[in-house]
Amino acid sequence: MIYSEKEFNGLRYCLYLPDGFDENMRYPVVFFTHGAGSRGDDLTLIKHHPVVENILSQIGEGILIAPQCPSNTWFDVFENLLALVEYAYNRPYTNQERFYGAGASMGGYAAYQLMMSRPNIFAAGIVCCGGGMYWNAERLKEIPLRIFHGAQDTVVLPCESEHMSERVNACGGNAKLVIFPDCGHDCWTKTFQDDENIKWLLKQEKKYARI
């Protein structure tokens, strides 16, 4: 992969382009938001994040964008984050039919909110041990989701994922929930080590018109 460190609208991020990157081609893009443990101004925390490493080992001819939260939570800089999503979505290299969200823990909350805020952008998402405004789940009904949680999680309770998946499906959406029975908060390692999840993600394409 071709690695570079970028900044946009106050957020620094890691950008990974495939080897042999051709500026005239369009590529699938995965946009990953990390959890609380990777906050700050040291991008090596993102470079060596287990989710980033696992996605890179499986993404093939895709692009990975992974910003770093410089504040206490993603919601402190949410407008900046949303602007970065829109910027990434509109890059010449982005296949707009295949723009994906992924998030873990605090980044799982951010991923849900990004997808709710711009449901026209995301083709699918993978969320680990996150949560969010499940009463607003109708905004996710056109976005296929895989949702993961550890049954032993005491940081973000499993009911957060249960509520979200139940409400998305009740609205006519497509959310698959997996609860790992012997797993605590870190369910992201198990999730992204399973290459079937990334394979599934990259197969999804947007099926309806976007603004």
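Computed from a predicted structure; not experimentally measured. (Residues numbered from 1 in each chain as written. Predicted model: local features only at pLDDT ≥ 70, side-chain atom pairs only at ≥ 80, totals over all residues. Heavy atoms only, no water.)

### Concerning the pairing of strand β1 (residues 2–8)
Of the pairings in the sheet, the one linking β1 to strand β2 (residues 11–17) comprises 7 bridges and is antiparallel in character. By the bridge assignment, Tyr3 is partnered in β2 with Tyr16. Joining the antiparallel neighbours β1 and β2 is a turn of 2 residues, in which Asn9 adopts a positive phi near 55°. (Pairing = 2+ DSSP bridges. Helix = DSSP H or I, 4+ residues; strand = E, 2+ residues; numbered from the N terminus.)

### Focus on the nonpolar core
Judged by nonpolar contacts, the single largest core of 39 residues is most densely connected at Ile65, Phe99, Met115, Leu140 and Leu145. For this core, the secondary-structure elements that each account for two or more residues are β2, β3 (27–33), β4 (63–67), α3 (78–89), α4 (106–117), β7 (145–150) and α5 (158–170). Look past the residues within four positions of Met115 in its chain and what remains in contact with it is Phe122, Ala124, Gly125, Val127, Arg139, Leu140, Ile143 and Leu145. In this structure, Cys14, Ile59, Ala104 and Trp200 belong to the second largest nonpolar core, which totals 30 residues. (Core = buried A, V, L, I, M, F, W, Y, C linked by side-chain atoms within 4.5 Å. Buried < 20%, exposed > 50% of the residue type's maximum accessible area, 1.4 Å probe, protein only. Contact = heavy atoms within 4.5 Å.)

### Some thoughts on the pairing of strand β6 (residues 124–128)
When you tally the buried positions in β6, you get 5 out of 5 residues, the bulk of the element. Where burial is concerned, the two faces of β6 agree: the one with Ala124, Ile126 and Cys128 and the one with Gly125 and Val127 are both buried. Relative to β6, strand β5 (residues 94–104) runs parallel, the two being bridged by 5 bridges. Note on β6: the bridge partner recorded for Ala104 is Cys128. As a crossover connection, the stretch from β5 through α4 into β6 is right-handed. Both β6 and β7 contribute to a ladder of 4 bridges, which runs parallel. (Right-handed = clockwise from strand over helix to strand, strands pointing away.)

By themselves these figures say nothing about function.
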